[in-house]
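# Analysis of the macromolecular model
As a plain string of letters, each chain reads:
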Amino acid sequence: MLSRETRARGWSYNEVMTGKIVTPGRPQPGEYSQYYEKYIALVASTDILGALEAQRLVMSQLLGARSEREGNFRYAPDKWTVKEVIGHLADSERIFAYRALRFARGDQTPLSGFEQDDYVKGGGFSERTLVDLAEEFAEVRGASIALFSGLDAAAWQKRGVANKNEITVRALAYIIAGHDLHHRRVLEEKYLPAIPRA
């Protein structure tokens, strides 16, 4: 987390943590499939690394106050449990970050898509504790931040093809952040208020 003095000077998370001054800027239309606009639009910050770190802290606080019973809650029979949502976030972030790694390193091999429901079904998330899943999410996010923190300006602009759509590295970073925000809002608006009191 950045100190008050650091924020007052206008330094970003990336500048403080890496000593580099790399601000990738927001992705522009044409850098990603229109499908992902709904996630990218949710991210207000232009300091994507600072946003990713802030999200890690917010999610940790949100999940740290929840019980196992709450972790097993689903607000409708056909919806995922809280644990499955967190597992889905970690799995999806790994995939988006892997795509970013491949493209940032100049790998032009087209990458396939993934079926999120199959990943959740195969994830075994209901067999794990919410604490364990929350810790895993935090570790995955830390790895994503480490990856993105090490990129130079050219790497942020590189492109590749995933799920038959061209996408840039910086768009993938914003998709990770927006995907987190989308699911956190669903947790806060649909899951948590509907959990019956014990």
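Let me begin by describing the structure that accompanies this report. (Residues numbered from 1 in each chain as written. Predicted model: local features only at pLDDT ≥ 70, side-chain atom pairs only at ≥ 80, totals over all residues. Heavy atoms only, no water.)

### Considering the overall build of the protein chain
The helix and strand inventory of the protein chain stands at 10 helices and two strands. The proportion of buried residues among the 198 residues of the protein chain is 47%. Within the protein chain, counting contacts between residues at least 6 apart in sequence, those at least 24 apart form 77% of the total. As displayed, the protein chain has an accessible area near 10,300 Å², and 51% of this comes from carbon and sulfur atoms. (Helix = DSSP H or I, 4+ residues; strand = E, 2+ residues; numbered from the N terminus. Buried < 20%, exposed > 50% of the residue type's maximum accessible area, 1.4 Å probe, protein only. Contact = heavy atoms within 4.5 Å. Areas by Shrake-Rupley, 256 points an atom, 1.4 Å probe, with all protein chains shown as cover.)

### Side note on the pairing of strand 1 (residues 159–162)
Burial along strand 1 is one-sided: the residues Gly160 and Ala162 are buried and none of Arg159 and Val161 is. Where strand 1 meets strand 2 (residues 165–168), four bridges bridge the pair, whose relative direction is antiparallel. Looking across to strand 2, one finds that valine 161 is bridged to glutamate 166. Following strand 1, the chain reverses through two residues before pairing antiparallel with strand 2; asparagine 163 in that reversal takes a positive phi of roughly 55 degrees. (Pairing = 2+ DSSP bridges.)

### What to know about the side chain of lysine 83
Its location among the elements puts lysine 83 in helix 6 (residues 82–104). Separated by 3.2 Å, the side chains of lysine 83 and asparagine 72 make a polar contact. Apart from the residues within four sequence positions on either side, lysine 83 is in contact with Glu68, Gly71, Asn72, Phe125, Ser126, Arg128, Thr129, Leu130 and Leu133. (Polar contact = N/O pair within 3.5 Å; in protein donor to acceptor, adjacent residues only side chain to side chain.)

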